[in-house]
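# Examining the three-dimensional arrangement
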Amino acid sequence: PRSDCVVAERLCLSDSTCNATYRILENCALAKTRLLPLDHDSRVRCLNAELDLGNSSLLHCKCHRRMKRQEHCLRVFWTVHSSMTDGYFNLETSPYENPANEEHWKTDYNKLAALVSGKNCSQLAGDATNPCLKETHVCNLSKKCVRLRTDYASICTRAAGSEDVCDRRKCLRGLRNFFEKVPEDFTKRILFCPCQDEFCGERRRKTIVPDCSFQSNTKPSCLWLLDFCLEDPFCKSRLADFQQNCQPADTSPDGCSLHNHAACLQAYMGMIGTPMTPNYVSNSSAEVSLWCTCESSGNQKEKCDQILGMFESNKCL
């Protein structure tokens with residue numbers, strides 16, 4: 001069975017041969033992170049080191065989305081697989097294990113949803129026509145859900161000084177915390193609640209407080225956004241997970257090459273709280289996008305369009 005990369009690294013460092021190989025890969029990964037060009041001999045040495053790991057548990061290790069020391073685990077994964085990070089469409093292997101069975105969470109959600117349905121309060125009168133409002137009420141009945149939702153909402157709406165701008169970095173961290181720690185049965189229903197009118201659509205679009213977490217005064221280039229993401233092991237990992245699980249396929253009934261639409265939605269949620277946070281583009285549709293543009297991408301426009309197209313025109317998503 002696959003071990004997690006933290007355990008695999010510890011085992012490797014205790015073996016002198018594996019340790020030496022791993023140190024070479026660390027230097028290779030560091031050079032890539034700092035965008036230092038590698039000469040031919042260095043590239044060969046890096047590839048050989050990766051091959052030398054052979055059947056080592058390091059080569060096949062994975063990480064878990066909600067594990068402790070997740071960022072350290074992801075760093076180890078990309079150290080071992082540094083040859084995969086040359087470009088966006090080489091990020092085809094997710095560092096994450098397939099989602100574990102989380103059925104036990106559904107019981108908790110269903111109990112709270114039943115409580116909301118049984119209430120006869122005027123404040124819940126709009127639930128029938130506004131599913132997003134109902135999901136918010138269900139979240140409010142869960143101590144963890146309401147606490148972490150309140151945390152990120154307060155950070156993402158807090159003004160910093162007289163300029164009336166939020167702390168985007170802290171806002172994104174708060175969003176990551178919410179989507180990492182609250183059971184997915186709550187987060188999925190809040191983020192993907194079905195809407196029939198613009199009032200519901202507005203609540204859904206504002207779930208992640210887009211004025212802070214999504215929008216900015218000007219749209220950056222999608223290529224710049226990608227480069228910024230690839231420099232961060234967490235963002236790069238979520239992007240790899242998204243690319244693997246949301247690859248579109250015209251011949252598949254659900255539009256997904258892996259025939260697992262639920263895994264794609266989970267991977268989409270994983271992008272929220274990263275520099276490449278996506279969101280709904282309006283109150284009147286379920287279309288999503290990144291906050292970036294391909295207008296000035298020159299001879300890299302095709303690559304830029306592919307990045308944006310993974311969100312804007314992805315049949316699987």
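Residues numbered from 1 in each chain as written. Predicted model: local features only at pLDDT ≥ 70, side-chain atom pairs only at ≥ 80, totals over all residues. Heavy atoms only, no water.

## A look at the confidence of the model for the protein
Model confidence for the protein is summarised by a mean pLDDT of 84, while 86% of its residues fall at 70 or above. Least confident of the elements in the protein is helix α5 (residues 103-118), whose mean pLDDT is 69; most confident is strand β1 (residues 278-280), at 96. This model gives residues 100-104 a pLDDT under 50, and the stretch forms 2 contacts once residues within four places in sequence are excluded. (pLDDT = per-residue confidence, 0-100. Helix = DSSP H or I, 4+ residues; strand = E, 2+ residues; numbered from the N terminus. Contact = heavy atoms within 4.5 Å.)

## Regarding the state of the cysteines
The final tally for this structure, using the stated rule, is 14 disulfides. Here Cys-166 engages in a disulfide with Cys-212; their sulfurs sit 1.8 Å apart. Because the torsion about its S-S bond is 95 degrees, the bridge between Cys-166 and Cys-212 counts as right-handed. Remark: Cys-212 occurs in helix α11 (residues 210-213) and Cys-166 occurs in the loop between α7 (143-157) and α8 (168-181); sequence separation between them is 46 residues. Looking at Cys-212, the relative accessible area reads 2%, which means it is buried. In this model, Cys-256 is linked to Cys-316 through a disulfide, with the two sulfur atoms separated by 2.0 Å. Judged by the sign of its S-S torsion, about 95 degrees, the bond between Cys-256 and Cys-316 is right-handed. Here the residue Cys-256 occupies a position in the loop between α13 (233-245) and α14 (261-271), and Cys-316 occupies one in the segment after α15 (301-312), the gap between them amounting to 60 residues. Like Cys-256, the residue Cys-316 is buried in the burial classification. (Disulfide = S-S within 2.5 Å. Buried < 20%, exposed > 50% of the residue type's maximum accessible area, 1.4 Å probe, protein only.)

## What to know about the nonpolar core
Of all hydrophobic cores here, the largest spans 50 residues; its most connected members are Leu-175, Phe-178, Phe-179, Phe-242, Met-276 and Leu-290. The contact partners of Leu-175, leaving out residues within four places of it in the chain, are Tyr-152, Ile-208, Ser-213, Ile-272 and Gly-273. Among the nonpolar cores identified, the runner-up in size contains 23 residues, and Cys-5, Leu-53, Cys-63 and Cys-73 belong to it. (Core = buried A, V, L, I, M, F, W, Y, C linked by side-chain atoms within 4.5 Å.)

## Comments concerning unusual backbone geometry
Unusually for a residue other than glycine, Arg-69 sits at a positive phi of about 60 degrees. Along the chain, Arg-69 turns up in the loop between α3 (40-52) and α4 (70-80). We note that Val-209 has phi near 50 degrees; this positive angle belongs to a residue other than glycine. Here Val-209 is to be found in the loop between α10 (198-205) and α11.

## Things to note about helix α1 (residues 5-13)
Working note: α-helix, 3.6 residues per turn, so residues spaced by three or four point in the same direction. All of the buried residues along α1 are Cys-5, Val-6, Ala-8, Glu-9 and Cys-12. Down the axis of α1, the buried set is contained in an arc of 160 degrees. They therefore lie on one face. For α1, the exposed residues lying more than 90 degrees away from the buried face are Arg-10 and Leu-11. (Arc of directions from axis to C-beta.)

## A word on the pattern of salt bridges
Throughout the structure, instances matching the rule amount to 8 salt bridges. One salt bridge connects Glu-184 with Lys-188, and the closest N-O pair in it is separated by 3.8 Å. Placement of the pair is Glu-184 and Lys-188 together in helix α9 (residues 184-191), with a separation of 4 residues, close to one helical turn. Across the pair Arg-189 and Asp-185 runs a salt bridge, and its minimum N-O distance is 3.5 Å. Here Arg-189 pairs with Asp-185, and both are found in helix α9, just 4 residues apart, close to one helical turn. (Salt bridge = Lys/Arg side-chain N within 4 Å of Asp/Glu carboxyl O.)

## Comments concerning the environment of Asn-279
As for its placement among the helices and strands, Asn-279 is situated in strand β1. On a C-alpha basis, the gap between Asn-279 and Phe-311 in space is 9.4 Å, while along the polypeptide they are 32 residues apart. Residues contacting Asn-279, with those up to four places away along its chain left out, are Arg-205, Ile-208, Pro-210, Phe-214, Tyr-268, Glu-287, Val-288 and Ser-289. A distance of 3.0 Å separates the side chain of Asn-279 from the backbone oxygen of Arg-205, its partner in a polar contact. (Polar contact = N/O pair within 3.5 Å; in protein donor to acceptor, adjacent residues only side chain to side chain.)

## Side note on the side chain of Lys-62
Note on placement: Lys-62 falls in the loop between α3 and α4. Buried within the structure, Lys-62 lacks any salt-bridge partner; its nearest side chain of opposite charge belongs to Glu-97, at an N-O separation of 6.6 Å. A polar atom in the side chain of Lys-62 sits 2.3 Å from the backbone oxygen of Ser-94. (Lys, Arg positive; Asp, Glu negative; His and termini not counted.)

## Notes on the packing of aromatic side chains
For the structure shown, the criterion picks out 7 aromatic pairs. Taken together, a centroid distance of 5.3 Å and an interplanar angle of 10 degrees make the contact between Trp-224 and Phe-228 stacked. Highlighted residues: Trp-224 and Phe-228, both in helix α12 (residues 222-230), separated by 4 residues, approximately one helical turn. We classify Phe-228 as partly exposed; its relative accessible area is 40%. Between Phe-242 and Phe-311 the ring centres are 4.5 Å apart and the planes differ by 5 degrees, which places this aromatic pair in the stacked class. Placement of Phe-242 in helix α13 and of Phe-311 in helix α15 is noted, with a sequence separation of 69 residues between them. The same class applies to Phe-242 and to Phe-311, which are both buried. (Phe/Tyr/Trp six-rings, centres within 6.5 Å; stacked < 30°, edge-to-face > 60°.)

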